[in-house]
2 protein chains.
Amino acid sequence: MAAKSTNPHFMNGVPELLILRLLKDREMYGYELVQAIRAATRDEITLGEGVVYPVLHALEKDGALKSRRKAVAGRTRVYYTVTAAGLKRLGALIGTWAKLNDAIASTLNGDAHAPLAV
Amino acid sequence: MAAKSTNPHFMNGVPELLILRLLKDREMYGYELVQAIRAATRDEITLGEGVVYPVLHALEKDGALKSRRKAVAGRTRVYYTVTAAGLKRLGALIGTWAKLNDAIASTLNGDAHAPLAV
DNA sequence: GCATAATACCTTGAACAAAAAGGTATGCAA
DNA sequence: TTGCATACCTTTTTGTTCAAGGTATTATGC
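Residues numbered from 1 in each chain as written. Chains lettered and ligands numbered in written order. Predicted model: local features only at pLDDT ≥ 70, side-chain atom pairs only at ≥ 80, totals over all residues. Heavy atoms only, no water.

(A) The packing of helix α1 (residues 14–25) of chain A against helix α3 (residues 49–61) of chain A, seen in detail. All names here are of chain A. Where α1 contacts α3, the two axes come as close as 10 Å, and the packing angle between them is 70°. Here α3 runs roughly perpendicular to α1, going by the angle between their axes. In this structure, α1 contributes Pro15, Glu16, Ile19, Leu20 and Leu23 to the contact, and α3 contributes Val51, Val52, Val55, Leu56 and Leu59. Grouping the constituent residues of the contact of α1 with α3 by class yields 9 nonpolar, no polar and 1 charged. (Axes fitted to C-alpha atoms, helices over the stretch in contact; angles between N-to-C directions. Helix = DSSP H or I, 4+ residues; strand = E, 2+ residues; numbered from the N terminus. Parallel < 35°, antiparallel > 145°, perpendicular 65-115°, else oblique. Contact = heavy atoms within 4.5 Å. Nonpolar A, V, L, I, M, F, W, Y, C, P; charged D, E, K, R; others polar.)

(B) Seen up close, the packing of helix α2 (residues 30–40) of chain B against helix α3 (residues 49–61) of chain B. Residues and elements named next belong to chain B. At a closest axis distance of 9 Å, the pairing of α2 and α3 adopts a crossing angle of 120°. Compared by their axis directions, α2 and α3 come out oblique. With respect to the hand of their crossing, α2 and α3 are arranged in right-handed fashion. Residues Gly30, Tyr31, Leu33 and Val34 of α2 lie in contact with α3, whose contacting residues are Glu49, Val52, Tyr53 and Leu56. (Left-handed = near helix turned anticlockwise from the far one by under 90°.)

(C) Up close: the packing of aromatic side chains. Residues and elements named next belong to chain A. Following the criterion strictly, the structure yields 3 aromatic pairs over all chains and no others. A ring pair is formed by Tyr29 and Tyr79, whose centres lie 5.2 Å apart and whose planes are at 75°; its orientation type is edge-to-face. Taken together, the positions of Tyr29 in strand β1 (residues 28–29) and Tyr79 in strand β3 (residues 75–82) put the pair 50 residues apart, joining distant regions of the chain. Tyr79 shares its class with Tyr29; the two are buried. Its end group placed over the ring of Tyr79, Lys70 keeps NZ or CZ at 4.6 Å from the ring centre. (Phe/Tyr/Trp six-rings, centres within 6.5 Å; stacked < 30°, edge-to-face > 60°. Buried < 20%, exposed > 50% of the residue type's maximum accessible area, 1.4 Å probe, protein only. Lys NZ or Arg CZ within 6 Å of the ring centre and 35° of its normal.)

(D) Region of interest: unusual backbone geometry. Residue and element names in this part refer to chain B. With a phi close to 50°, Arg42 is a non-glycine residue in the positive phi region. Here Arg42 shows up in the loop between α2 and α3. Look at Asp43: it is not a glycine, yet its phi comes out positive at around 65°. On the secondary structure map, Asp43 appears in the loop between α2 and α3. The class for Asp43 is partly exposed, based on a relative accessible area of 40%.

(E) The arrangement of the side chain of Asn101 of chain B in detail. As for its position among the elements, Asn101 of chain B is in helix α4 (residues 84–109). Residue Asn101 of chain B is classed as buried on the basis of its relative accessible area of 17%. Reaching out from Asn101 of chain B, the side chain makes a polar contact with the side chain of Asn101 of chain A at a distance of 3.3 Å. Among residues more than four places away in sequence, those in contact with Asn101 of chain B are Trp97 and Asn101 of chain A. (Polar contact = N/O pair within 3.5 Å; in protein donor to acceptor, adjacent residues only side chain to side chain.)

(F) Up close: the nonpolar core. Core analysis: the biggest nonpolar cluster contains 59 residues, and Ile19, Leu23 and Ile104 of chain A together with Ile19 and Ile104 of chain B have the highest contact counts within it. If we skip the residues at most four places from it in the chain, Leu23 of chain A touches Met28, Leu33, Leu56, Leu65, Tyr80 and Val82 of chain A. (Core = buried A, V, L, I, M, F, W, Y, C linked by side-chain atoms within 4.5 Å.)

(G) Structural detail: the sheet that holds β3 of chain A. Residue and element names in this part refer to chain A. Sheet architecture is open: 3 strands sit in the order β1-β3-β2, paired in antiparallel fashion. Either end of the sheet is taken by a strand with one partner, and the two such strands are β1 and β2 (65–72). The strands touched by α3 are β2 and β3; relative to β2, the strand with the most contacts, the crossing angle is about 125°. (Pairing = 2+ DSSP bridges.)

(H) Looking closely at the pairing of strand β3 (residues 75–82) of chain B. Residues and elements named next belong to chain B. Alignment of strand β1 (residues 28–29) against β3, held across 2 bridges, turns out to be antiparallel. Residue pairing for β3: Tyr29 is matched across the bridge by Tyr79. In terms of strand pairing, strand β2 (residues 65–72) meets β3 through 8 bridges, oriented antiparallel. Directly across from Leu65, in β3, lies its bridge partner Val82. Counted between consecutive antiparallel strands, the loop separating β2 from β3 contains 2 residues, among which Ala73 sits at a positive phi close to 55°.

What follows is the structure in structure tokens.
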């Protein structure tokens, strides 16, 4: 059973979705994103650095993000911004999430034939 | 890109949620559940037998389900019903799902401080 | 009569995402 | 100078899920 350490492992692909969505509004760096996600989800979702950094690297490699180094107070930060490809990817992820969500919602509601949002 | 074989791997813990929810309405057997899930989600979510059976076994082992064998047309089916413990578990899963969903929705909407449904 | 598909159960293997944990380095406060 | 917060990163482990296979019975097509 184990005490809830972060999340009881209940979603997939969500990290990427959240990260892209937050970066759409403004450029951020990894460490900042970790806290931004906690704040945006009211501590409901906590993504550790071990999740965020690999996702950022993968997204950049895929051309969905661009990064630039910036020195702030003697410290180096790596800021990420969303590319056009990244926006497209975000749109696709949102669509997938919406459909998944509708599918589950209608099952939970017991809707026999409620039309899934298209 | 690879043709969508079943699902592009986008959820977690959902199988258990869907199975418990469907069994809440009426007793069903594994093979039937596979198709019921496809029907209920309009093909949006397809869980193979390799997913459904292990979940059923695990839930039964945990006391969330009870099974009984029934011979139908010379064939043996294993019907599952939800126990009281199973209903409790279902309630918890629904709650978790709702919170996760609200958290993601408010992030996607960019709500700075919309109160999460409680 | 025979092959094939559909029903119905099940398990094993591999893939993969995410969690946990560790590792480095700087700046600041006590 | 010890410790904590910032800031980056990687490696290892875990656990779900997927794909694929394996058995057996009944119905269907030819």
